[in-house]
Amino acid sequence: MGVRRVGFRALTSAVAAGLVAGLGTAGAAKAEPGPPAGSTEAKAAGFTAMRVMPLGDSITVGTGGATRTSYRIGLAYRLLKAGLQIDYVGSQDPANGTDSQHEGHGGWTIEELSAKLDGWLAESRPDVVLVHAGTNDITQGKSPGATARRLSAMIDQIRAARPEAHIFVAQIVTSRVPRERAADGRFNELIPAMVAEKDDPLIKVVDQSTVAGIDLHDLRHPNDFGYSKMAYNWYRSMAPVFQISGDTGPNPYRARSTFRCLRQKFFVKGKKRHRTECRTWKLRTAIVKKNGVNRRIAAWQTLRKVKRSYRVRVHGKVQRRTRLVKKWTGTGNLLNV
């Protein structure tokens, strides 16, 4: 079966230029964009805009990313390269000139989102809803089971308001905080069975739990590379539903060299400060000792300048000095943010 062409609103120049966050600058999109929704050309061609609502919390907003567009621009670009254009909808309109409206609300729980959801759905009339919710419930100490039940009710709420909408439900990004990471895992394990019980072919589960660790800018929010992974995961789930395919750009999970920004904590005169360090990271073979045995593993490392001491004899006396040398180092303590 050939590619199914659906009409969407034209995307911004940033997307057309192929600016995929975290992966560098890709080539221009090959797909021919359709006419803008509502134009004379669109009506003549029979184009109907598919309206996509990103729904969730600060991860949907894009906190932790340099552009604060989350996965939205990266996903739109992949869909464009596959032959589809989308119209993001929602009450939140980013002030960066992109067509990437959304319903991302920082700090909100599923219950808080659900309280406003009917109004948003009535106003935006989405054909597709991308749900990434539950992070704040887990952060606030709510149980995975209770969080899954609230998510289930939210999905039913979307279905009641939009009977024919496609709903893509994420297993959430994994926190670095040990307690939250364990609870995230239990919550994510409950989602496939919960969705399966609904027996609704228009609801799909999307695994975003593999966005974790060094993919995060801080303890909970992805950096731009993490968001590029989210865009890839959404696309991989949407592509078979809308019968699209083709070369949409590199697979971030196969990357061996990436540019990542990580937040770090440090102290100045006893006062805590924060900074964001952006560096190129390479996936290299490292040797680690486990149970007294050296093992080779694949690990992300970056080249840093570090102080190294050495001894030198001066006038017959041994002196210790230091110099800066380049050394491959790992991530260190990812909780130090």
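My aim in this report is to walk through the structure given alongside it, one point at a time.

Thresholds, definitions, all that
Residues numbered from 1 in each chain as written. Predicted model: local features only at pLDDT ≥ 70, side-chain atom pairs only at ≥ 80, totals over all residues. Heavy atoms only, no water. Buried < 20%, exposed > 50% of the residue type's maximum accessible area, 1.4 Å probe, protein only. Helix = DSSP H or I, 4+ residues; strand = E, 2+ residues; numbered from the N terminus. Pairing = 2+ DSSP bridges. Disulfide = S-S within 2.5 Å. Axes fitted to C-alpha atoms, helices over the stretch in contact; angles between N-to-C directions.

Judged by how many residues are buried, strand β4 (residues 128-132) sits mostly within the fold: five of five residues are covered. Taking every second residue as pointing to the same face, both faces of β4 are buried, with Val-128, Leu-130 and His-132 on one and Val-129 and Val-131 on the other. Note that strand β1 (residues 51-56) and β4 share five bridges and pair parallel. Bridge assignment links Gly-56 to a residue of β4, and that residue is His-132. Two strands pair when backbone bridges link them, and β4 and strand β5 (residues 166-171) are joined in this way by four bridges, in the parallel orientation. Bridge assignment links Val-129 to a residue of β5, and that residue is Ile-167.

Per the stated rule, a full pass over the model turns up one disulfide. Disulfide pairing is shown between Cys-261 and Cys-278; the S-S distance is 2.0 Å. Taking the torsion about the S-S bond as the criterion, the Cys-261 to Cys-278 disulfide, at about 115°, is right-handed. One end of the pair, Cys-261, is in strand β7 (residues 257-268); the other, Cys-278, is in strand β8 (residues 271-290), and 17 residues separate them in sequence. Its relative accessible area of 37% is what places Cys-278 among the partly exposed residues.

The next subject is the sheet that holds β8. Taken together, four strands build an open sheet; the order of strands is β7-β8-β9-β10 and the sheet is antiparallel. Each of the sheet's edge strands pairs with one partner strand only, and the pair in question is β7 and β10 (317-329). Sheet twist, expressed as the mean angle between neighbouring strand axes with direction ignored, is 50°. Bridge count for strand β9 (residues 293-314) against β10 is 13 bridges, and the pairing is antiparallel. Residue pairing across strands places Leu-303 opposite Trp-328, the latter belonging to β10.

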